[in-house]
Amino acid sequence: MPLPKAAPRKRIHTREIICEGFLRDDGLWDIDGSIKDSKTYSFDNRDRGGVVAGEPVHWMRARLTVDDDLVVHEAYVTTEAGPHTICGAIAPNYEALKGLRIKAGWRKAVLEKVGGVAGCTHITDLLLGPLPVTAYQTVRRHLKGLPA
């Protein structure tokens, strides 16, 4: 059933989350994710001098490289755009995800490694929900011969 017809309204904010799963030639899997926020209006920003309407306020990307058992072999993150200059500085902290397995308890394990000031809220949110689900849909369902 579709959503009911919306009342007259004006779009203010857009969040785009894109996740993709790839089978690598070496047999490992890359699970890539991106989160991008933009506004329909321009505004001042202390660290960037300002953000123009339509320009990303946040644009973070992450890649988990996993094996068939969903064990993380590599974890890379990058901040393409952030509201604060410090946003990109936490990228190396996400290497702590190496060796974790996407399974029950994943969220708790990720938060122990990169929760709070050890990580970026936007990147961590991507790693808590959309990326592990994409990994499961990509790897486990492919290995079982099931449609994603």
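Everything numeric in this text was worked out from a predicted model, so none of it was measured.

Visitor: Mind laying out unusual backbone geometry, listing which residues take part and the relevant values?
Guide: Positive phi, close to 65 degrees, is recorded for L70, a residue that is not glycine. Assignment of secondary structure puts L70 in the loop between β3 (56–66) and β4 (72–81). Here L70 falls in the buried class, since its relative accessible area comes to 4%.

Visitor: Report on helix α1 (residues 106–114), specifying residues and quantitative values.
Guide: Of the residues making up α1, those classed as buried are W106, A109, V110 and V114. Projected down its long axis, α1 shows its buried positions confined to an angular sector of 100 degrees, all on one face. Exposed and oriented more than 90 degrees from the buried face of α1 are K108 and E112. Looking at the residues trailing α1, positive phi occurs at G116, about 60 degrees.

Visitor: Tell me about the side chain of T124, and name the residues and values.
Guide: By secondary structure assignment, the location of T124 is in helix α2 (residues 121–128). In this view, T124 contacts Y94, V110, L111, V114 and G119; residues no more than four positions away in its chain are not counted.

Visitor: Pulling in residues and values, what's your account of the packing of aromatic side chains?
Guide: Enumeration according to the criterion identifies one aromatic pair in this entry. With a centroid separation of 5.9 Å and an interplanar angle of 55 degrees, the aromatic rings of Y41 and F43 are classed as tilted. Using a relative accessible area of 37% as the deciding quantity, one classes Y41 as partly exposed. The cationic tip of K36 hangs over the ring face of W59; the distance from NZ or CZ to the ring centre is 4.1 Å.

Visitor: Got a sec to walk through the sheet that holds strand β2 (residues 29–39)? Specific residues and values, please.
Guide: Strands sit in the order β1-β2-β3-β4 across an open sheet of four strands; the sheet is antiparallel. If you trace the sheet from one side to the other, it starts and ends with β1 (13–23) and β4, each paired once. Averaged over all neighbouring strand pairs, the angle between strand axes comes to 10 degrees, with direction disregarded. Of the strand pairs in this sheet, β3 and β4 are connected by eight bridges, and their pairing is antiparallel.

Conventions adopted
Counting starts from 1 at the beginning of each chain's written sequence and moves along it residue by residue. Totals for whole chains, interfaces and linings use all residues, but because this is a predicted model, local features are given only for residues with pLDDT of at least 70 and pairs of side-chain atoms are given and counted only at 80 or more. Hydrogens and water molecules were not included; the side-chain quantities draw on all heavy atoms of the structure. What counts as a helix is a DSSP run of H or I of at least four residues, what counts as a strand is a run of E of at least two, and both are numbered from the N terminus. Relative accessibility decides the category of a residue: with a 1.4 Å probe and only protein chains considered, values under 20% of the type maximum give buried, values over 50% give exposed, and everything between is partly exposed. Each direction from the helix axis to a C-beta atom contributes to the arc, which is the arc of those directions. Residues count as neighbours in contact if any of their non-hydrogen atoms are within 4.5 Å of one another. By convention, a stacked pair of Phe, Tyr or Trp rings (six-membered ring in the case of Trp) has centres within 6.5 Å and planes under 30 degrees apart, an edge-to-face pair has planes over 60 apart, and any other such pair is tilted. The criterion is that NZ of a Lys, or CZ of an Arg, lies within 6 Å of the ring centre and within 35 degrees of the ring normal, and then a charge sits over that ring. Should DSSP find at least two bridges between two strands, the strands are regarded as paired. Structural elements are reduced to axes, namely lines fitted to C-alpha atoms, with helices fitted over the stretch in contact, and the angle between N-to-C directions of any two is expressed from 0 to 180 degrees.

Note that every value here comes from positions in space, so none of it alone points to a role or purpose.
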